[in-house]
Amino acid sequence: MSNYPKFQIPGVIAANGEYTIPPLTPTEAGTGRLSVQEGWGQVNAVPIEQGGIPPHKDDFNGILLLISQFAVWFQQGGIMNYSALLDYEVGNEVFQNGTKYRCLQPNGPSTQAVAPGTNRAVWRNMDITVPAGAIVPFYNVTLGGTGNRNPIFWGSTQADAGWVLCDGGSDGKGGTTPNLIGKFIKGSLPKDAGTNGGAATIEIQDLAVNGTIGGTALTVAQLPAHTHTGSAVSAGNHAHTRGNMNITGAFWGENECYGANGAFSRSGAGYANKTEGNNGNQNDISFDASKTWSGQTSTNGAHTHSLAIGSTGSGQTHTHTLNANVAITGVSNEPPFYTLAYFLRLPE
């Protein structure tokens, strides 16, 4: 059979009535009144006719109000806020600044009051669901705590010792945190976690570029100035006439010119040189080649000559080789970024 309460308290008893909250000591309460330390005193057990004092109505209402308000609060699932005036045992749970904490060590006025959120060995934050070892970036976080390396989260005034800055410093557990300041996160297998590499700038000292430029056919205008040689082949014989060419001349002969014919003719009288012993008349003999010009040079008729000019080239495209050696240094290798502080979740 379940022990779940059969009835629920509908409200705080005597909330609108007359009540007196019991004080701590009988001295504060007064004779015949209810106190926390003694409750009702011996005088309340004595009959009235024997001088006893009956319990006071306001005291009953006060104690019922105190008890019922706690019952109603817990009935609604409430948890009490932390108070430095109370002693806490292991397992007690309280709220502090809206965060639920569980007591891990007895603390309070009887020993030393330790506020939740100041010592993780005494109070455990029950609202954190991030497992130990997780690294999370946070916005609007300030630093405090040991070494000024614990986060003070937005809306809080106390440093949370359950987290520590990923700056390469101590993790408080015998190791060091990853140093993520100025670094990007790169995914890896668990066995490769913690590997560092990369750089914010490109540093290439000797970049070699090799290749070819695509083939391009030259146009006529792009050809260099040049000449062609050629030769004409033989194409038969031909003849030439005299045209206006002639051969002329004269010499003299005694008396008549006998036997002058053809290109030779008598052209006039003349006198012989007396010293030659000739006293008679003399004649000039003329020569005119045109009178008897005949024949022609050997001929082979009208003809033509063909001219053959040698050709070269095949119209192929050509390429140009490309080689370059350059150094690249100081060029930014970072994409656009927004910085956030990374913190490591520590084990409880």
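Note that this is a predicted model, so its numbers are computed, not measured. (Residues numbered from 1 in each chain as written. Predicted model: local features only at pLDDT ≥ 70, side-chain atom pairs only at ≥ 80, totals over all residues. Heavy atoms only, no water.)

Draft legend 1. Examining the overall build of the protein chain more closely. Of regular secondary structure, the protein chain possesses two helices and 15 strands. Across the 348 residues that make up the protein chain, the buried fraction comes to 19%. Nonlocal contacts in the protein chain, meaning residues at least 24 apart in sequence, comprise 57% of its contacts between residues at least 6 apart. For the protein chain, the computed accessible surface area is about 25100 Å², with 55% contributed by carbon and sulfur atoms. (Helix = DSSP H or I, 4+ residues; strand = E, 2+ residues; numbered from the N terminus. Buried < 20%, exposed > 50% of the residue type's maximum accessible area, 1.4 Å probe, protein only. Contact = heavy atoms within 4.5 Å. Areas by Shrake-Rupley, 256 points an atom, 1.4 Å probe, with all protein chains shown as cover.)

Draft legend 2. Structural context of the sheet that holds strand β2 (residues 99-103). The strand order across the open sheet built from three strands is β1-β2-β3, with neighbouring strands paired in antiparallel fashion. Every interior strand has two partners, whereas the edge strands, β1 (93-96) and β3 (123-125), have only one. The mean angle between the axes of side-by-side strands here comes to 35°, regardless of whether they run parallel or antiparallel. As defined by bridge partners, β1 adjoins β2 across four bridges and the pair is classed as antiparallel. Residue V94 lies in a different strand from β2, and its bridge partner there is Y101. (Pairing = 2+ DSSP bridges. Axes fitted to C-alpha atoms, helices over the stretch in contact; angles between N-to-C directions.)

Draft legend 3. Region of the structure containing the pattern of salt bridges. Considering all chains together, one arrives at six salt bridges under this definition. R33 is the partner of D59 in a salt bridge, and the nearest nitrogen-oxygen pair spans 2.8 Å. Of this pair, D59 sits in helix α2 (residues 57-75) while R33 sits in the loop between α1 (26-29) and α2, placing them 26 residues apart in sequence. For D59, a relative accessible area of 1% gives the class buried. Residue R33 is classed as partly exposed on the basis of its relative accessible area, which comes to 25%. By sharing partners, the salt bridges in this structure join E93, K100 and R102 into a single network. (Salt bridge = Lys/Arg side-chain N within 4 Å of Asp/Glu carboxyl O.)

Draft legend 4. Molecular detail of the pairing of strand β15 (residues 341-345). Sheet topology note: the strand β4 (residues 135-138)/β15 ladder contains four bridges and is antiparallel. When the bridges of β15 are listed, V136 appears paired with F343. Here strand β7 (residues 163-165) runs beside β15; their pairing, made up of three bridges, is antiparallel. The residue bridging L165 from the neighbouring strand is F343, located in β15.

Draft legend 5. Summary view of a nonpolar patch on the surface. Residues F70, W73, F74 and M80 make up a contiguous nonpolar surface patch of about 380 Å² in total accessible area. The residue W73 is located in helix α2 in this model. Classification of W73 by relative accessible area gives partly exposed; the value is 39%. (Patch = residues over 30% accessible without salt bridge, like charges linked within 9 Å, V, L, I, M, F, W, Y side chains within 5 Å.)

Draft legend 6. Representation of α2 in the model. For α2, spanning 19 residues, the distance from its first C-alpha to its last is 26 Å, which sits close to the expected 27 Å at 1.5 Å a residue. Every buried residue of α2 is listed here: D58, D59, N61, G62, L65, S68 and V72. Remark: G77 follows α2 within two positions and exhibits a positive phi of approximately 85°. (Expected span 1.5 Å × (residues − 1).)

Draft legend 7. Fine view of unusual backbone geometry. For N97, which is not glycine, the phi torsion reads 55° and is therefore positive. Considering the arrangement of structural elements, one finds N97 in the loop between β1 and β2. For N140, which is not a glycine, the phi torsion comes out positive at approximately 60°. Within the secondary structure, N140 is located in the loop between β4 and β5 (142-144).

Draft legend 8. Geometry of the side chain of S68. Looking at the secondary structure, you find S68 in helix α2. Look at S68 and you get buried, because its relative accessible area is 3%. A distance of 3.2 Å separates the side chain of S68 from the backbone oxygen of L65, its partner in a polar contact. If we ignore the near neighbours within four places in the chain, the residues touching S68 are G11, V12 and I13. (Polar contact = N/O pair within 3.5 Å; in protein donor to acceptor, adjacent residues only side chain to side chain.)

The values reported here are purely geometric and, on their own, carry no functional implication.
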